[in-house]
Amino acid sequence: LVAPSIPSPPDPIGMTSPGDLPSAALAEALALAGVGCWLWQAPDRLTISPAFLGLLGLSSENSPSDAQGWLALAHPDDRGSFADLLTAITQGDGKIDRQFALRLQHANGLWCWFELRSKALADAGIVISFSEITQQKQAMAALRDSQLRFRALYNTSPLAFVIWEREGRIVEWNRRAEQIFGWPAEQVIGKPIHRLLLPADHHADFSASNKAMLHSEGEGRFTGPALHRDGRLLHCNWYSVPLYNINGQLLGILSLILDVTPEYLAQKRLEKSEQTYR
């Protein structure tokens, strides 16, 4: 028997320590990451990276020449924190290591968001990094506005908003649901929706409607009687949609419920009248 030959390992890839990287390569890497830098080596010696100027649409010819000029570009609500940092640097007193969000005005007049971090280095002065977070802030603002609009609709809609888990337990119950069915939210959270709102002889139809919706075989619509707290039977139209997380897992079901009892009773009276007339 001949032992199989074992290939020799490849030569290790030559590694360069961060201190040996060319400064131009470091500057380009920071620019690709959306980060600009200031290097403050003395109160009157400030070096600004081209990447920072590019983030604000500026050039070395049309950029501010001193700290006061840069301070004037800061948003009024953020100017205080920025001014405190610049004062601590230029006067040599106060804490240098800081982190806060800052808005600076772009050359086109719009505001750019930055996460500012400053740190005093042992022998190289003070470095300040500006990481652009404008898109992140805009996304957060859009999400907040969307949530506010949903909450306004949730609280003022003529529809009952009921969110329930796949097992049927109620987790959300808006003000209109309280008005339609007579139950306050704190008394229904955690209760099975079908037992609370549906007569027993309609449980199977309701379950079949929701199973079809979850398997993309139905539109999630259900029409039938619903129970009021005092025992009265209402007639309601249900419009249900599944709620999924970003991984596609089912979080629950949102049911929008419209009370159409007056219209339903009016239609029944009309049908009875027509039958009597015939």
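You'll find the structure just up there.
These figures come from a predicted structure and were not determined experimentally.

Asks: Pulling in residues and values, what's your account of the overall build of the chain?
Replies: Check the secondary structure of the chain and you find nine helices and 10 strands. Looking at the chain as a whole, 33% of its 278 residues are labelled buried. For the chain, the proportion of contacts with a sequence separation of at least 24, taken over those separated by at least 6, is 39%. Accessible surface for the chain amounts to roughly 17,800 Å². Of this, 54% is attributable to carbon and sulfur atoms.

Asks: Tell me about helix H8 (residues 203-214), and please be specific about residues and values.
Replies: When the terminal C-alpha atoms of H8 are compared, their 17 Å separation across 12 residues agrees well with the 16 Å that a helix rising 1.5 Å per residue should span. The inward-facing, buried residues of H8 contact strand S6 (160-164), helix H7 (193-197), strand S8 (221-227), strand S9 (233-244) and strand S10 (250-259). Positive backbone phi, approximately 60°, marks Ser216, located one or two places after H8.

Asks: Account for the packing of aromatic side chains, with residues named and values stated.
Replies: Applying the stated criterion across every chain, the model contains 14 aromatic pairs. Taking the centre distance of 6.1 Å and the plane angle of 70° together, the rings of Phe150 and Phe161 count as edge-to-face. Remark: Phe161 occurs in strand S6 and Phe150 occurs in helix H5 (residues 134-156); sequence separation between them is 11 residues. Under the relative-accessibility criterion, Phe150 is labelled partly exposed at 32%. With 5.8 Å between their ring centres and 45° between their planes, Trp173 and Phe181 make a pair best called tilted. Given the relative accessible area of 5%, Trp173 is considered buried. With relative accessibility at 0%, the residue Phe181 sits in the buried group. Feature note: the residues Trp38, Trp40, Phe52, Trp70, Phe82, Phe114 and Phe130 constitute an aromatic cluster, connected by ring pairs. A cation over an aromatic ring shows up here: Arg229 above the ring of Trp183, its NZ or CZ 4.8 Å from the ring centre.

Asks: How would you explain the nonpolar core if you had to name every residue and give the values?
Replies: Among the nonpolar cores identified, the biggest contains 27 residues, and Trp38, Trp70, Phe82, Leu104, Ile128 and Phe130 are the most heavily contacted of them. Contributions of two or more residues to this core are made by strand S1 (35-42), helix H2 (50-55), helix H3 (67-72), helix H4 (79-91), strand S3 (98-105), strand S4 (111-121) and strand S5 (125-132).

Asks: Account for the environment of Tyr244, with residues named and values stated.
Replies: Its place among the elements puts Tyr244 in strand S9. Dropping the residues within four chain positions of it, Tyr244 is found in contact with Leu214, Gln249, Leu250 and Leu251.

Asks: Which residues make up the pairing of S8, and what are the values?
Replies: Judged from the seven bridges that link them, S8 and S9 form a sheet pairing that is antiparallel. Bridge pairing in S9 links Arg221 to Tyr239. Linking two consecutive strands that pair antiparallel, namely S8 and S9, is a turn of five residues; a positive phi of about 100° is found at Gly231 within it.

Rules used throughout
- Residues numbered from 1 in each chain as written.
- Predicted model: local features only at pLDDT ≥ 70, side-chain atom pairs only at ≥ 80, totals over all residues.
- Heavy atoms only, no water.
- Helix = DSSP H or I, 4+ residues; strand = E, 2+ residues; numbered from the N terminus.
- Buried < 20%, exposed > 50% of the residue type's maximum accessible area, 1.4 Å probe, protein only.
- Contact = heavy atoms within 4.5 Å.
- Areas by Shrake-Rupley, 256 points an atom, 1.4 Å probe, with all protein chains shown as cover.
- Expected span 1.5 Å × (residues − 1).
- Phe/Tyr/Trp six-rings, centres within 6.5 Å; stacked < 30°, edge-to-face > 60°.
- Lys NZ or Arg CZ within 6 Å of the ring centre and 35° of its normal.
- Core = buried A, V, L, I, M, F, W, Y, C linked by side-chain atoms within 4.5 Å.
- Pairing = 2+ DSSP bridges.

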